[in-house]
Amino acid sequence: MARLIFLGAPGAGKGTQAKALSHAYSLPHISTGDILRDAVSKATPLGQKAQAYMERGDLVPDQLVIDLIRERLAEPDAQGGWILDGFPRNTVQAESLDNLLSEIQQAYDSAVNFDVPDEVLVQRMLNRGRKDDTEAVIRHRLKVYRDQTAPLISFYQDRSKLVSINGNRSEQEVTQDLRKLIH
Ligand code: AMP
């Protein structure tokens, strides 16, 4: 059982690790990026609202992701734990998550910060070749991360919930470390 928030820059390995742990422990892997990409590919109303922001590498409006997280955390499979990957991305979202969790009487165990040097991030993103992984968009996403998301490191540190891990290692080594957070 665990309720974990994965923090870290794009390309830091959050999605890869969330998938591995989600399989190993049957924890739902809740990725706002995956949910939004799916909505874009199906051209749903959410997808139509999100698409232009995503193509530029900007954050989509907070209310869209807050609403989708609220719905997702209410699903039956999310009652016994989860891994949040890519949410929250700024302090408004982090505060909304705290409020939402107290409403539904849940609490996260830790916010895990994946530490990876910038050059490694850029290289990894260029290698995975997603639609929003062109070099210019990657640079912009890193800037958005530094300006809006990185402040969450101190947000969770202030609440004594931060765990930092060295994400610049093999996938298996990082997974081994993360397993220790699950009880
Ligand atoms: P990701 O797969 O987490 O890198 O997300 C891909 C894109 O989806 C981001 O660049 C944003 O445009 C959008 N996105 C994902 N999660 C969020 C979020 N929590 N808040 C705002 N935008 C998000």
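Right, let's walk through the structure included here. No experiment lies behind these values; they were computed from the predicted model shown. (Residues numbered from 1 in each chain as written. Predicted model: local features only at pLDDT ≥ 70, side-chain atom pairs only at ≥ 80, totals over all residues. Heavy atoms only, no water.)

Ordered in space as E2-E3-E1-E4-E5, the five strands form an open sheet in which the pairing is parallel. A strand with exactly one partner marks an edge of an open sheet, and here the two such strands are strand E2 (29-31) and strand E5 (162-166). Averaged over all adjacent pairs, the angle separating strand axes in this sheet is 25 degrees, with direction ignored. Running over the sheet, helix H8 (residues 151-158) touches strand E1 (3-8), strand E4 (110-115) and E5 and is turned about 145 degrees from E1. (Pairing = 2+ DSSP bridges. Helix = DSSP H or I, 4+ residues; strand = E, 2+ residues; numbered from the N terminus. Axes fitted to C-alpha atoms, helices over the stretch in contact; angles between N-to-C directions. Contact = heavy atoms within 4.5 Å.)

This paragraph deals with the packing of helix H1 (residues 14-25) against helix H9 (residues 171-179). Close contact between H1 and H9 brings their axes to 10 Å; oriented N to C, the two are set at 55 degrees. It follows that H1 is oblique to H9 by the angle criterion. Considering how the two elements wind past one another, H1 and H9 form a crossing that is right-handed. Residue-level contacts link Thr-16, Gln-17, Ala-20, Leu-21, Ala-24 and Tyr-25 of H1 to Glu-171, Val-174, Thr-175, Leu-178 and Arg-179 of H9. (Parallel < 35°, antiparallel > 145°, perpendicular 65-115°, else oblique. Left-handed = near helix turned anticlockwise from the far one by under 90°.)

Quick look at the site of the ligand now. Taken together, the neighbourhood of the ligand is formed by 16 residues, with Thr-32, Asp-58, Gly-86, Gln-93 and Arg-141 sitting nearest. One of the side-chain N or O atoms of Thr-32 is found 2.8 Å from a nitrogen atom in the ligand. In the model, a nitrogen atom of the ligand is placed 2.9 Å from a nitrogen or oxygen of the Gly-86 main chain. Bound to the protein, the ligand loses 96% of the 480 Å² it would expose on its own. Broken down by element, the shell around the ligand gets its largest block of residues, four residues, from helix H2 (residues 32-41). (Near = heavy atom within 4 Å. Polar contact = N/O pair within 3.5 Å; in protein donor to acceptor, adjacent residues only side chain to side chain. Areas by Shrake-Rupley, 256 points an atom, 1.4 Å probe, with all protein chains shown as cover.)

Attention shifts here to the packing of aromatic side chains. Ring pairs (aromatic) are described by centroid distance and by the angle formed between their planes. Applying the stated criterion across every chain, the model contains three aromatic pairs. Between Phe-155 and Tyr-156, the ring centres sit 4.9 Å apart and the planes meet at 75 degrees, which makes this aromatic pair edge-to-face. Relative accessible area serves as the criterion here: at 7%, Phe-155 is assigned to the buried category. Among the aromatic residues, ring-to-ring pairing joins Tyr-108, Phe-155 and Tyr-156 into one connected group. (Phe/Tyr/Trp six-rings, centres within 6.5 Å; stacked < 30°, edge-to-face > 60°. Buried < 20%, exposed > 50% of the residue type's maximum accessible area, 1.4 Å probe, protein only.)

Okay, the side chain of Ser-110 next. By the element assignment, Ser-110 lies in strand E4. The contacts of Ser-110, once residues within four sequence positions are left out, are Arg-3, Leu-4, Ile-5, Lys-161, Val-163 and Leu-181.

This paragraph deals with unusual backbone geometry. Of note, the bond from Phe-87 into Pro-88 is cis; its omega dihedral lies within 30 degrees of zero at 0 degrees. By the element assignment, Pro-88 lies in the loop between strand E3 (82-85) and helix H5 (91-103). Of note in this structure, Ala-43 is not a glycine but carries a positive phi near 50 degrees. With respect to the helices, strands and loops of the structure, Ala-43 is situated in the loop between H2 and helix H3 (45-56). Classification of Ala-43 by relative accessible area gives partly exposed; the value is 44%. A positive phi angle is found at Ser-160, which is not glycine, with a value near 55 degrees.

Just distances and angles here, no functional claims.
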